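A look at the structure
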Amino acid sequence: MHELGIAASVLDAVQAEAQKYPGMRMSRVGLRIGELAAVDPEALRFAFEALTRETEFESMALEIEMCPRRHRCGDCATVFEARDFVFACPRCGASHTECISGEELEIAYLEVDDEPRAARTQSA
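What comes next concerns the included structure. The residue numbering used here restarts from 1 in each chain and proceeds along that chain's sequence as written. Side-chain atom pairs in this predicted model are given and counted only at pLDDT of 80 or more, local residue features only at pLDDT of at least 70, and totals for whole chains, interfaces and linings cover all residues. Hydrogens and waters are ignored; side-chain quantities use all the structure's heavy atoms.

Paired strands are those between which DSSP finds at least two bridges. We count a stretch as a helix when DSSP gives it H or I for four or more residues in a row; a strand needs E for two or more, and each element gets its number in order from the N terminus. Direction of pairing for strand 1 (residues 24-34) relative to strand 2 (residues 61-67): parallel, over a ladder of seven bridges. Pairing of G34 across the sheet is with C67, part of strand 2.

For this text, the term disulfide refers to a pair of cysteine sulfurs within 2.5 Å. The final tally for this structure, using the stated rule, is zero disulfides. In this model C73 remains outside any disulfide bridge; the closest cysteine sulfur is found in C92, 3.6 Å from its own. With no disulfide of its own, C89 lies closest to C76 among cysteine sulfurs, the gap being 3.6 Å.

It is worth spelling out the side chain of T78 at this point. Tracing the backbone through its elements, the reader meets T78 in the loop between strand 3 (70-73) and strand 4 (79-81). Only protein chains enter the area calculation, which uses a 1.4 Å probe; residues under 20% of their type maximum are buried, those over 50% are exposed, and those in between are partly exposed. Classification of T78 as buried rests on a relative accessible area of 17%. Residue contacts are defined here by distance: any two heavy atoms, one from each residue, within 4.5 Å place the two residues in contact. Here T78 is in contact with H71, R72, C73, C89 and R91, once residues within four sequence places are set aside.

This part takes up the sheet that holds strand 5 (residues 97-101). Strand pairing in a sheet relies on backbone hydrogen bonds. The paired strands run either parallel or antiparallel. With antiparallel pairing, the three strands of this open sheet are ordered in space as 4-3-5. Two strands lie at the open edges of the sheet, namely strand 4 and strand 5, each paired on one side alone. Within the sheet, the average angular offset between the axes of one strand and its neighbour, ignoring direction, is 35°. As defined by bridge partners, strand 3 adjoins strand 5 across four bridges and the pair is classed as antiparallel. From the neighbouring strand, C73 faces strand 5, where its bridge partner is T97. An axis is simply a line fitted to the C-alpha atoms; with a helix, the fit covers only the stretch in contact. Between two such axes, the angle follows the N-to-C directions and lies from 0 to 180 degrees.

A few words on the environment of L110. Among the secondary structure elements, L110 is positioned in strand 6 (residues 105-116). On the basis of relative accessible area, L110 is assigned to the partly exposed category, the value being 25%. Residues L110 and D40, spaced 70 residues apart in sequence, show a C-alpha to C-alpha distance of 21 Å. What L110 contacts, discounting residues up to four positions off in sequence, is V14, E17, M26, R28, V29 and M60.

Read these as geometric descriptors, not functional statements.
As structure tokens, then:
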């Protein structure tokens, strides 16, 4: 289950970023994952929740955007989603197309609350 390693890497990146904002609460992390990355989003979510349980990041939301496999036609430049292993251009029928997305595995964003954790605890 390589999702555990991915979740650990995401958490490492969040912790590194959190050091830049002492006392602030990391509220949300967003991932962009391509369908070719072979990542099970539910397994990744489970691993992330397991790693953040009983830590300062336990309440942080994990959002996952799945990105489809997209190709660009070398003849007419049409961009299209490649499905069912059909890579020919739907516009002109050309067979030489290039994969331009679907392999992503990246942190898209990290949201930090405006108020420090201490202030949130006192107001709650």
